[in-house]
Amino acid sequence: MAAPRSPLSRLFTVLLTGLLAGLVLAAAALPGNLLVGFTARAALSSYAALPDALRTPATPQRSYLYANDGKTLLTTFYDVNRTDVALADVAPVMRQAIVAAEDRRFYDHGGADLRGLARALVANVKGGGTEQGGSTLTMQYVRNVLKTDPTRTAEERAAATDPTVGRKIQEIRYAGALDKSLGKDEILGRYLNIAYFGSGAYGIAAASQRYFGKAPTQLTLAESALLAGLVQSPDAYSPISGDKDQALARRSYVLDSMVATGAITAAQAAQAKAEPLALHPTAQPNGCTAVAQGHDDWGYFCDYLRQWWLTQPAFGATPAEREQALRAGGYTVVSSLDPKIQATAQQQATKVYGYDNKRALPIAAVQPGTGRVLAMAVNRHYSLADNPAGQANYPNTVNPLISGGASVDGYQAGSTFKLFTMLAALESGRTLSTGFDAPAKLPTRYPAEGPGSCDGKWCPANANPAWMDGYRMMWDGFGRSVNTYFVWLAEQVGQDKVVEMAQRLGITFRADTDAAFAKNNAANWGSFTLGVAATTPLDLANAYATVAAEGTYCTPVPVVSVTDAKGTKVPVGEPSCKKVLDADVARAATDAARCPVGQQSPYGQCNGGTATGVNDILDGRPVAGKTGSSEENATETFVGFTPQVAVAGIAANPDDPADSVGSAVQSKVIDAVARVIATAVKGQPEKAFTAPSKGLAGEPRRPVERPAVPERQQQPTPDQDPLSALQRWLDRRG
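The text that follows walks through the structure, step by step, so that each part is easy to find.

Definitions and cut-offs
Residues numbered from 1 in each chain as written. Predicted model: local features only at pLDDT ≥ 70, side-chain atom pairs only at ≥ 80, totals over all residues. Heavy atoms only, no water. Helix = DSSP H or I, 4+ residues; strand = E, 2+ residues; numbered from the N terminus. Buried < 20%, exposed > 50% of the residue type's maximum accessible area, 1.4 Å probe, protein only. Contact = heavy atoms within 4.5 Å. Areas by Shrake-Rupley, 256 points an atom, 1.4 Å probe, with all protein chains shown as cover. Phe/Tyr/Trp six-rings, centres within 6.5 Å; stacked < 30°, edge-to-face > 60°. Lys NZ or Arg CZ within 6 Å of the ring centre and 35° of its normal. Axes fitted to C-alpha atoms, helices over the stretch in contact; angles between N-to-C directions. Parallel < 35°, antiparallel > 145°, perpendicular 65-115°, else oblique. Nonpolar A, V, L, I, M, F, W, Y, C, P; charged D, E, K, R; others polar. Lys, Arg positive; Asp, Glu negative; His and termini not counted. Salt bridge = Lys/Arg side-chain N within 4 Å of Asp/Glu carboxyl O. Polar contact = N/O pair within 3.5 Å; in protein donor to acceptor, adjacent residues only side chain to side chain. Pairing = 2+ DSSP bridges. Disulfide = S-S within 2.5 Å.

**Considerations on the overall build of the protein**
Stage number 1. Per the secondary structure count, the protein includes 29 helices and 21 strands.
Stage number 2. Counting only residues that meet the buried cut, the protein has 55% of its 734 residues in that class.
Stage number 3. Residue pairs at least 24 apart in sequence account for 72% of intrachain contacts in the protein once pairs closer than 6 positions are excluded.
Stage number 4. Of the roughly 29,200 Å² of accessible surface on the protein, a fraction of 52% belongs to carbon and sulfur atoms.

**Observations regarding the packing of aromatic side chains**
Stage number 1. Per the stated rule, a full pass over the model turns up 21 aromatic pairs.
Stage number 2. With a centroid separation of 5.8 Å and an interplanar angle of 70 degrees, the aromatic rings of phenylalanine 641 and phenylalanine 689 are classed as edge-to-face. Here phenylalanine 641 is found in strand E20 (residues 636–641), whereas its partner phenylalanine 689 is found in the loop between helix H27 (666–681) and helix H28 (694–697), with 48 residues between them in sequence.
Stage number 3. One aromatic cluster is present, formed by Phe417, Phe420, Phe509, Phe517, Trp525 and Phe528 through successive ring pairs.
Stage number 4. The lysine or arginine in question, lysine 184, covers the ring of phenylalanine 106, its NZ or CZ lying 4.8 Å from the ring centre.
Stage number 5. Across from the ring centre of phenylalanine 478, 5.5 Å away, lies the NZ or CZ of lysine 626, which sits over that ring.

**Focus: the packing of helix H11 (residues 221–230) against helix H13 (residues 244–261)**
Stage number 1. At a minimum axis separation of 8 Å, H11 and H13 run at an interaxial angle of 110 degrees. One finds that H11 runs roughly perpendicular with respect to H13. Where H11 abuts H13, its residues Leu221, Ala222, Ala225, Leu226, Ala228, Gly229 and Leu230 lie against Ala247, Arg250, Arg251, Val254, Leu255 and Met258.
Stage number 2. Residue classes in the contact of H11 with H13 are distributed as 10 nonpolar, one polar and two charged.

**A word on helix H9 (residues 184–194)**
Stage number 1. Among the 11 residues of H9, nine are classified as buried, and the element is accordingly described as predominantly covered.
Stage number 2. Those residues of H9 lying buried are Lys184, Ile187, Leu188, Gly189, Arg190, Tyr191, Leu192, Asn193 and Ile194.

**Structural notes on the side chain of aspartate 103**
Stage number 1. Within the secondary structure, aspartate 103 is located in the loop between helix H4 (92–102) and helix H5 (114–126).
Stage number 2. Buried charged residue aspartate 103 carries no salt bridge. Nearest counter-charge: arginine 105, at 6.4 Å.
Stage number 3. A distance of 2.8 Å separates a polar atom in the side chain of aspartate 103 from a polar atom in the side chain of histidine 109.
Stage number 4. In this view, aspartate 103 contacts Ile98, His109, Thr136 and Leu137; residues no more than four positions away in its chain are not counted.

**Observations regarding the pairing of strand E7 (residues 373–377)**
Stage number 1. In terms of burial, E7 is a largely internal element, five of the five residues being buried.
Stage number 2. In this structure, strand E6 (residues 363–366) lies alongside E7, joined through four bridges in antiparallel fashion. By the bridge assignment, valine 366 is partnered in E7 with valine 373.
Stage number 3. From the end of E6 to the start of E7, which pair antiparallel, there are six residues, and glycine 369 there has a positive phi angle of about 90 degrees.

**Considering the side chain of serine 63**
Stage number 1. Residue position: serine 63 is located in strand E1 (residues 63–66).
Stage number 2. For serine 63, the side chain forms a polar contact with the main-chain nitrogen of glycine 330, separated by 3.5 Å.
Stage number 3. Aside from chain neighbours lying at most four places away, what touches serine 63 is Thr75, Thr76, Phe77, Ala325, Leu326, Gly329, Gly330 and Tyr331.

**Digging into unusual backbone geometry**
Stage number 1. Residues tyrosine 394 and proline 395 are joined by a peptide bond in cis, for which omega reads 5 degrees.
Stage number 2. Mapped onto the secondary structure, proline 395 falls in the loop between strand E8 (381–382) and strand E9 (396–397).
Stage number 3. Notably, alanine 406 is not glycine yet its phi reads approximately 55 degrees, a positive angle.
Stage number 4. If you trace the backbone, alanine 406 turns up in the loop between E9 and strand E10 (411–412).
Stage number 5. For serine 481, which is not glycine, the phi torsion reads 55 degrees and is therefore positive.
Stage number 6. Checked against the element boundaries, serine 481 lands in the loop between helix H20 (474–479) and helix H21 (483–493).

**Details of the environment of cysteine 606**
Stage number 1. Along the chain, cysteine 606 turns up in the loop between helix H25 (583–593) and helix H26 (613–617).
Stage number 2. Between the alpha carbons of cysteine 606 and tryptophan 475 there is a distance of 5.8 Å; along the sequence they are 131 residues apart.
Stage number 3. Those residues in contact with cysteine 606 that lie beyond four places of it in its chain are Arg594, Cys595, Gln599, Gln600 and Ser601.

**Structural notes on the sheet that holds strand E21 (residues 646–651)**
Stage number 1. Read from one edge of the open sheet, five strands run E7-E6-E21-E20-E19, paired in antiparallel fashion. Because the sheet does not close on itself, it has two edges, and the strands there are E7 and strand E19 (624–629). With direction set aside, neighbouring strand axes in the sheet form an average angle of 5 degrees.
Stage number 2. Across four bridges, the pairing between E6 and E21 is antiparallel. In the strand pairing of E21, valine 366 is matched with alanine 646.
Stage number 3. Against the sheet, helix H17 (residues 339–352) contacts E6 and E7, and its axis sits at roughly 25 degrees relative to E7.

**A closer look at the state of the cysteines**
Stage number 1. Counted according to the given criterion, the structure contains four disulfides.
Stage number 2. Disulfide partner of cysteine 454: cysteine 459, at an S-S distance of 2.1 Å. Residues cysteine 454 and cysteine 459 are joined through a disulfide that is left-handed, its torsion about the S-S bond being -75 degrees.
Stage number 3. With a relative accessible area of 2%, cysteine 459 lands in the buried category.
Stage number 4. Through a disulfide, cysteine 554 is tied to cysteine 577; the S-S separation comes to 2.1 Å. Taking the sign of the S-S torsion, 105 degrees for the link of cysteine 554 and cysteine 577, the bridge is right-handed. One end of the pair, cysteine 554, is in strand E16 (residues 552–554); the other, cysteine 577, is in strand E18 (residues 577–579), with 23 residues separating them in the sequence.
Stage number 5. For cysteine 554, a relative accessible area of 2% gives the class buried.
Stage number 6. Disulfide partners in the protein, listed by the sequence order of the bonded cysteines, are 1-2, 3-4, 5-6, 7-8.

**As for the sheet that holds strand E5 (residues 332–335)**
Stage number 1. Taken together, the four strands give an open sheet; going across it, the order is E2-E1-E5-E17, and neighbouring strands pair in mixed fashion. Unpaired on one side and paired on the other, strand E2 (73–77) and strand E17 (559–563) mark the two borders of the sheet. Taken over all neighbouring pairs, the strand axes of this sheet differ in orientation by 15 degrees on average, direction set aside.
Stage number 2. Bridging between E1 and E5 involves three bridges; their strand directions are parallel. Counted as the bridge partner of leucine 65 is valine 333 from E5.

**Quick notes on the environment of aspartate 185**
Stage number 1. Among the structural elements, aspartate 185 can be located in helix H9.
Stage number 2. The exposure class assigned to aspartate 185 is partly exposed, which follows from its relative accessible area of 45%.
Stage number 3. Separated by 90 residues in sequence, aspartate 185 and arginine 95 have C-alpha atoms that sit 9.5 Å apart.
Stage number 4. In this structure, aspartate 185 is in contact with Leu87 and Tyr107, ignoring residues within four places of it in sequence.

As structure tokens, this is what we get:
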């Protein structure tokens, strides 16, 4: 049933009829070739005088985000669900169907079809049926462009559909100018890319995916006729959200029109009409919370990429402009996310803690030498869905638990920070063989009271004296994670040098208290080497990746390439790297970092480690790393690396730092991170670490070793900042 015509519409018809009736009748009496010329003369004299949007369409398009294989679609971003395609990528029957449905004389007229307009005027004046607009495909294209042009004001866009004679005349003139300057196929291709097909689908590419889950090259005759029929009244005829019977009736109309134009035979039309409505509705994901079903873990990486995007001037002058570019610019983004590494990381994170566990294991993987982020996983669903009562951020959250930011400062990473002390010491001229008779407790110069103090001084301890105490060098001090050795070493080097080293390798102090201490009192931050500052798995993995890359720091980056809607590569996403360490210093630190994971230094000085099972998981492949436990095992951390990948995982309760995860989980964290590394290097050539120079190795001196004590897989617990320890002591006493 046709919709009733409004009084305003009827008035417009009468006015336009009066103005154009004489023109139409006069033109109808002219020979065909003169008619074309007559129409052309009604057009603008110059194509260049057309609005920019008609000459260079700026239609909003969907942006695509892929994994690093360029094939695995993570999600899309859009305000308008549209993707432009070349006419050659549209099935011929679809091209024929849209012409038959909307403008049978498309290839004969000069942009405005005066004969068609005359028929429409007569039919509309008589009434009694569906209104006919008499608009050609070219005129419809003009109208669609002007009403969606993002460079125009809202008032200007609204004027593109005003029921006025002036607007219609302008539309005819613009159509004539386009017809003079563009080929018919160019106009048809542009029309197919901008037309609205209902159910949120703009353009033929989006429509073919939305209704049939296929590319426009694969459309059949029946499917093409159905889509072509929707354009006249997209919302009413949509078989997804509208009237299926009307959609089928319109399909039959289009098929009959195709017979009339000679595009198909009557038999082909009859066969297509007999086909059932075989829809395969496919909704395009939109944004990071709409990643593919079963892969909501991708959302954390997606959100990290989006935050990175908002900092890139190539996409606009302000974050708002960059956001709009992502949602309307038609970009193709090949990200750095490796689906296989991500899958293993997610599997391992959820193996340690389930989705419904209040504790979490965020894991990050980074490629040394490029900074490309390969995986970001955690036992949470990236979702805005409500959580059960009492569960603020699990199993669903969109907080950046892996990368930090917003309300996430990070987690204490324990003795993994000893790396920064070792690097600062090596850079200052000390050697790996720097020795110290590490006591069970070490009085320092920092004042403290209560637990952890010795005669009013902060006094960190080794939790397993029988295995840790005694003469240590950097190799076994790092391998056995001897607290008193590294607190002593940090005092020799200067705590401020250690803090600066951590910052140089990308450790960001997101907690206000940490940032203030680093800025104003770094020289007195005695417990820094024991990992009391909050960090994230991503920062930690990238810091260790800097060592793996022999001192080359690369800013973390989530993309491999970005191309715009025209296929032009955007100059963003290339590795941004700089040398922050002497290569020999980095090699020396790597040499000591092989001790914790059960491997041996080329200098033969490893004699125990806190994560020796890693060597077996990697089948002896060169690997290095470090465990870390914060005070009272509030968190458990492991970070490992090869020349090709660095991976870090931190077990913690993101909502309650006082909830200790316990030492028992450390072996699980070590195993999880090691298996992510194994996936990352599988199939890659084995690469050896370069040994440091003899100058940085020094001359090892080793007194008679104390009786060996069986190695523990978990890292001994370091003491916390003295002020924090004092506060806890006071709290316990009420």
